[in-house]
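Breakdown of the fold
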Amino acid sequence: MTDEFDAHRPYLHAVAYRILGSHADADDAVQEAWLRLARTGSEGIDDLRGWLTTVTSRICLDTLRVRGRRGEEPLELLVGSLSDDADPEREAMLAESVGLALYVVMDALTPAERVSFVLHDVFDVPFDAIAGVLGRSTAATKMLASRARSRVRLGRPSAADQAAARQVIDAFLAAGRGDVAALLTVLAPDIELRAAGTLIRGATAVATQATTFARPDAVVHPALIDGVPGVLVTVGGRPVTVMAFTVTGGVVTRISTLTDPARLAQIVPSWVA
């Protein structure tokens, strides 16, 4: 049974990661799926892959619901990389269909929308099977996936939107060199800044925090993060911070940062525009 499970482990991790947006959370979900299989045994399970997909997806659904109640969101969801296990061609397709969605839209979907969209649109799981995961009818599950798909499509910024966003980001960086009043003009009143596992809300609080990013020895490079305009900050040629921006209506509504040296060294080169 262990060998059979290990054969499905990369697939299950890919499912969990696409739903949860965090490799650590995906690892936990897959481990929990293994524990449940170990407790019940595989006897009587005709389709082990299908059974494990259902169990793993339900675990992910519970995780999303708990995360929503606690107001939590893993940083990887915002600035994560794709799994190293999957086929490169498949990964390229997923980067187009899901990568930007994870960054811009996935956190705005309900847990049920998110699960139905990922399982069907990414992994081709039939709607009747997804309905069993969600405890909904097949028709309701199709509606959830359709609604999520529409949000994902609407969340893709056009070239013009990216150019406009870049202008706002440039203004943000210029103002962030110490002019708090100017900085406030490009921040939404309810802006959120996610940094080092913490969440800061409100234009004044974010503006105050943002001025601390301005170091005299820092060099700011334009970057694309999952297709979304952002910046890479280096000091002495070494990457120290990645900042990803969400711009809506001409103001910054969200900023997320990544500062972990190991992750920066691994994934920054693919982001620099």
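Description of the structure in this document. (Residues numbered from 1 in each chain as written. Predicted model: local features only at pLDDT ≥ 70, side-chain atom pairs only at ≥ 80, totals over all residues. Heavy atoms only, no water.)

**Topic: the environment of E43**
- Within the element layout of this structure, E43 appears in the loop between α2 (23-40) and α3 (48-70).
- When the C-alpha positions of E43 and M1 are compared, they lie 9.7 Å apart, and in sequence the two are 42 residues distant. (Helix = DSSP H or I, 4+ residues; strand = E, 2+ residues; numbered from the N terminus.)

**So, unusual backbone geometry**
- The backbone phi angle of D124 is positive, close to 60°, even though this residue is not glycine.
- Mapped onto the fold, D124 is located in the loop between α6 (111-122) and α7 (127-134).

**Notes on the nonpolar core**
- Residues F5, I19, V115, L119, F123 and L134 are the most contacted members of the largest nonpolar core, which totals 38 residues.
- Broken down by secondary-structure element, the contributors of at least two residues to this core are α1 (2-20), α2, α3, α6, α7 and α8 (138-154).
- A per-element tally of this core places α1 first, with nine residues.
- Not counting the four nearest positions on each side in its chain, V115 is found in contact with I19, L61, L64, V133 and L134.
- Membership of the second largest hydrophobic core comes to 19 residues, among which are I169, L183, I200 and M243. (Core = buried A, V, L, I, M, F, W, Y, C linked by side-chain atoms within 4.5 Å. Buried < 20%, exposed > 50% of the residue type's maximum accessible area, 1.4 Å probe, protein only. Contact = heavy atoms within 4.5 Å.)

**Topic: α1**
- A maximum bend of about 45° is found in α1 at R9, where proline P10 lies one to four positions downstream.
- Those residues of α1 that sit buried are F5, H8, Y11, L12, H13, A14, V15, A16, Y17, R18, I19 and L20.
- G21 lies just past α1 and shows a positive phi near 75°. (Bend = angle between axes of the 7 residues up to and from the residue.)

**Some thoughts on the environment of A203**
- In this fold, A203 is placed in helix α11 (residues 203-210).
- For the pair formed by A203 and L193, sequence separation is 10 residues and the distance between their alpha carbons is 9.4 Å.
- Dropping the residues within four chain positions of it, A203 is found in contact with L184, L187, A188, P189 and I191.

**Thoughts on the side chain of E113**
- Along the polypeptide, E113 turns up in helix α6.
- There is a polar contact of 2.6 Å between the side chain of E113 and the side chain of R147.
- In contact with E113, not counting residues within four places along its chain, are L144, R147, A148 and R151. (Polar contact = N/O pair within 3.5 Å; in protein donor to acceptor, adjacent residues only side chain to side chain.)

The values reported here are purely geometric and, on their own, carry no functional implication.
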